[in-house]
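Chain and residue survey
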Amino acid sequence: VRISNPLTLESVKQLIAEGNKEELQKCFGARMEFGTAGLRGAMGAGISRMNDLTIIQTTQGFCRYLEKQFSDLKQRGVVISYDARAHPASGGSSRRFARLAATTFISQGIPVYLFSDITPTPFVPYTVSHLKLCAGIMITASHNPKQDNGYKVYWDNGAQIISPHDKGISQAVEENLEPWPQAWDDSVINGSPLFHDPSASINKDYFEDLKKYCFHRAVNRETKVKFVHTSVHGVGHSFVQSAFKAFDFVPPEAVPEQKDPDPEFPTVKYPNPEEGKGVLTLSFALADKTTAKIVLANDPDADRLAVAEKQDSGEWRVFSGNELGALLGWWLFTSWKEKNQDHSALKDTYMLSSTVSSKILQAIALKEGFHFEETLTGFKWMGNRAKQLIDQGKNVLFAFEEAIGYMCCPFVLDKDGVSAAVISAELASFLATKNLSLSQQLKAIYVEYGYHITKASYFICHDQGTIKKLFENLRNYDGKNNYPKTCGKFEISGIRDLTTGYDDSQPDKKAVLPTSKSSQMITFTFANGGVATIRTSGTEPKIKYYSELRAPPGNSDPEQLKKELNELVSAIEEHFFQPQKYNLQPKGE
């Protein structure tokens, strides 16, 4: 018998020798669930981990499912790429997993476009659309801890899969668990006529397409604004350098300790720019040294972006996802309007954001006359909706989610941190010619369209039963099956429950957005202009909340609004979460 992976075999033998039942149960207790986000889990031995075998099994199922769905799969093929993650202890790495997935497809006569080196995640949806392929796979765990990896799947429309494909793939995986004869032999792809490396052509075409979103080339050439970029030990460095060149910028200063891919992520506790200042410490130091005013930070697979700006006080301000969403949305609309003087085009122009993100785009859309739509949480919904609209001849200018994800260029139907980085740089450079900072422009947007102040956080809860109790209590707040009418001193004016499909603002009391019984999500609207959503996380043991206070246009007092939002959030935590009663852990700092 040829031993396919001696490292995972050895680790399992050792657990057996030690009699470590608990760890064996963790590794072999249950197969990883294939959901709409594909797979995500720790690398290591066992069916509940990411390893050679679970990658082969997943790809075999996915392959069979695609054969059923596309009669021309053998003509069109699939694209596969990967980030720089690796787990030496089990021999797993994103690159190895990508090669094994490619082997599976090629063994069945299906063409594979496999990148020869790491790429950002958005290069996969871009390649699916650009080469009109049937599907795409990205091996990445994005900003998760270093031991994790993931398997992310795109459909032939260039967007992430949505239901029912997850169920269909999952079932096909169960039916194809035994590895096919050549499954482990990734050398078969090397000389195969079905094997293509799209790296050179896609690199060229992506940046050519990106140039269409450069509106102020002359400003970029002359700008005195300096930028620092960090790729946080991920894939972003060379791609952001190329994006800056495409816009005629001097490339940004890269944080030297973080610019090269390193699966150990040695300089950060979590490789997640959403965590704010901790991840950006080295960037701020380099910016202070080089007198740069702006820091651009990508997550390790470069599909998300954080932006920070040095204030006159010398403090660094890290913009929230909602604030950067407001800035980019305003910028893309303003730039589009300058190119399109014909106002009849407004009625076919759209922006999207997810239901837990700020509604600032809605306020801009109302005043300016274009369309705004909200979708469920997650870019899979925005990507699929954007594609529907584009197919109807509509123009989708922008989509974003508060988790620092931005789709600035609809040639990628997913979040893209590379395009967002260079477009943010052009925005900052343009504003500098008017002697404005990003912070000042953000304030101007709020004055013109109304202040939108947001606050989000979460509680940790490992017990599904407790989570269920907490939400059932909100649905039966008075013991008579009624939702709450107040939260402390705050009066509730509307309720939408996307778990049950109830929405009291609709004439028939039925929610417009799709509902899901398997996840909890309730949105409360308050009489004071506040909105709060409480939901469970799909990927972590968290109950999250997102709140926003919206004021009408005009110069409101933002400090007063912040104070009121803080009071509202405290009331929600005390009356709706009841952390003592349910034994919830607050978010650790």
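Residues numbered from 1 in each chain as written. Predicted model: local features only at pLDDT ≥ 70, side-chain atom pairs only at ≥ 80, totals over all residues. Heavy atoms only, no water.

**Concerning the overall build of the protein**
- Counting its secondary structure elements, the protein contains 19 helices and 25 strands.
- At 24 Å, the protein has a C-alpha radius of gyration in line with the 25 Å of a compact globule built from 589 residues.
- Along the three orthogonal principal directions, the C-alpha set of the protein runs to about 75 × 65 × 50 Å.
- Taking the intrachain contacts of the protein between residues at least 6 apart in sequence as the baseline, contacts between residues at least 24 apart amount to 69%.
- Total accessible area on the protein is roughly 24,900 Å²; 51% of this is exposed by carbon and sulfur atoms. (Helix = DSSP H or I, 4+ residues; strand = E, 2+ residues; numbered from the N terminus. Rg over C-alpha atoms; globule rule 2.2 N^0.38 Å. Contact = heavy atoms within 4.5 Å. Areas by Shrake-Rupley, 256 points an atom, 1.4 Å probe, with all protein chains shown as cover.)

**A short note on the environment of V512**
- Tracing the backbone shows V512 in the loop between β21 (502–503) and β22 (521–526).
- Among the residues examined, V512 registers a relative accessible area of 65% and is labelled exposed.
- For V512 and K394, which are 118 residues apart along the polypeptide, the C-alpha to C-alpha distance reads 21 Å. (Buried < 20%, exposed > 50% of the residue type's maximum accessible area, 1.4 Å probe, protein only.)

**A look at the pattern of salt bridges**
- Taken as a whole and assessed by the stated rule, the structure comprises 36 salt bridges.
- Salt-bridge contacts for E264 lead to K146; the nearest nitrogen and oxygen are separated by 2.8 Å. Of this pair, E264 sits in the loop between β10 (253–254) and α11 (277–290) while K146 sits in the loop between β6 (135–139) and β7 (148–154), and the two are 118 residues apart along the sequence.
- Given the relative accessible area of 38%, E264 is considered partly exposed.
- On the basis of relative accessibility, which here comes to 39%, the residue K146 falls in the partly exposed class.
- Note that R304 is salt-bridged to D299, the shortest N-O span being 3.3 Å. Considered together, R304 and D299 belong to a single accessibility category, that of buried residues.
- In the salt-bridge network here, residues are joined through shared partners; they are E23, K26 and R49. (Salt bridge = Lys/Arg side-chain N within 4 Å of Asp/Glu carboxyl O.)

**As for the nonpolar core**
- By size, the foremost hydrophobic cluster in this structure holds 159 residues, and its most contacted members are F62, I80, F105, Y151, F398, Y406 and I534.
- The element contributing the most residues to this core is helix α15 (residues 417–433), with 10 residues.
- When sequence neighbours within four positions are dropped, the list of residues in contact with I534 reads F471, L474, Q520, M521, I522, F524, I543, K544, Y545, I572, F576 and F577. (Core = buried A, V, L, I, M, F, W, Y, C linked by side-chain atoms within 4.5 Å.)

**Focus: the packing of aromatic side chains**
- Tallying each qualifying case throughout the model produces 28 aromatic pairs.
- Ring centres 5.6 Å apart and planes at 85 degrees place the aromatic pair Y206 and F411 in the edge-to-face group. One end of the pair, Y206, is in helix α8 (residues 199–210); the other, F411, is in the loop between β17 (405–407) and α15, and 205 residues separate them in sequence.
- Relative accessible area serves as the criterion here: at 0%, Y206 is assigned to the buried category.
- Between Y477 and F576, the aromatic rings sit 5.7 Å apart at their centres with planes inclined by 80 degrees, giving edge-to-face as the arrangement. Highlighted residues: Y477 in the loop between α17 (464–475) and β19 (486–487) and F576 in helix α18 (residues 558–577), separated in sequence by 99 residues.
- For Y477, a relative accessible area of 30% translates into the label partly exposed.
- Owing to a relative accessible area of 1%, F576 belongs among the buried residues under this scheme.
- Feature note: the residues F123, Y126, Y206, F207, Y213, F239 and F411 constitute an aromatic cluster, connected by ring pairs.
- Positioned above the aromatic ring of Y449, the side-chain terminus of K367 is 5.6 Å from the ring centre. (Phe/Tyr/Trp six-rings, centres within 6.5 Å; stacked < 30°, edge-to-face > 60°. Lys NZ or Arg CZ within 6 Å of the ring centre and 35° of its normal.)

**Some remarks on the sheet that holds strand β8 (residues 195–196)**
- One open sheet holds the 6 strands; their spatial order is β1-β7-β6-β2-β5-β8, and the pairing between them is mixed. Since the sheet does not close on itself, it has two edges, and those belong to β1 (39–42) and β8, each with one partner.
- Strand direction decides the pairing type here: strand β2 (residues 78–82) and β6, joined by 5 bridges, are parallel. Among the inter-strand pairings, V78 is bridged to a residue of β6, identified as A135. (Pairing = 2+ DSSP bridges.)

**A short note on the UniProt feature "domain: Alpha-D-phosphohexomutase alpha/beta/alpha" (unreviewed entry) in the protein**
- In the numbering used here, UniProt assigns the feature "domain: Alpha-D-phosphohexomutase alpha/beta/alpha" (unreviewed entry) to residues 32–176, 205–310 and 321–448.
- In the segment residues 32–176, helix accounts for 38% and strand for 19%; the C-alpha atoms at its two ends are 15 Å apart. (UniProt positions renumbered as here; feature names shortened; annotations may be inferred.)

**Here's the deal with the pairing of strand β23 (residues 530–536)**
- With 7 of 7 residues buried, β23 lies mostly within the body of the structure.
- Hairpin remark: β22 followed by β23, antiparallel, with 3 residues in the connecting loop; positive phi at G529, about 95 degrees.
- Note: β23 against strand β24 (residues 542–550), 7 bridges, orientation antiparallel. Residue pairing for β24: V531 is matched across the bridge by E548.
- The antiparallel hairpin formed by β23 and β24 contains 5 residues in its connecting segment.

**Describing the domain arrangement of the protein**
- For the protein, the domain assignment lists domain 1 (6–200), domain 2 (205–269 + 280–317), domain 3 (322–449) and domain 4 (451–586).
- Computed over C-alpha atoms, the centres of domain 3 and domain 4 are 26 Å apart.
- Between domain 3 and domain 4, the buried area comes to about 1,500 Å², and carbon and sulfur atoms account for 60% of it.
- Summed over the three residues of domain 3 that lose the most area to domain 4, namely V356, L376 and Y446, the buried surface amounts to 32% of that side.
- For the pair domain 3 and domain 4, the number of links is 1 salt bridge.
- A salt bridge links E374 to R496, with the nearest nitrogen and oxygen atoms 2.9 Å apart.
- On inspection of domain 3 and its partner domain 4, the count reaches 7 residue pairs in polar contact (both at pLDDT 80 or more).
- Looking at the side of domain 3 that touches domain 4, the elements with two or more residues in it are α13 (360–368), β15 (371–375) and α16 (438–449).
- A total of 5 residues in the side of domain 3 that touches domain 4 trace back to one element, the largest contributor, which is α16. (Domains from an automatic or database assignment. Buried area = accessible area lost by both parts, 1.4 Å probe. Polar contact = N/O pair within 3.5 Å; in protein donor to acceptor, adjacent residues only side chain to side chain.)

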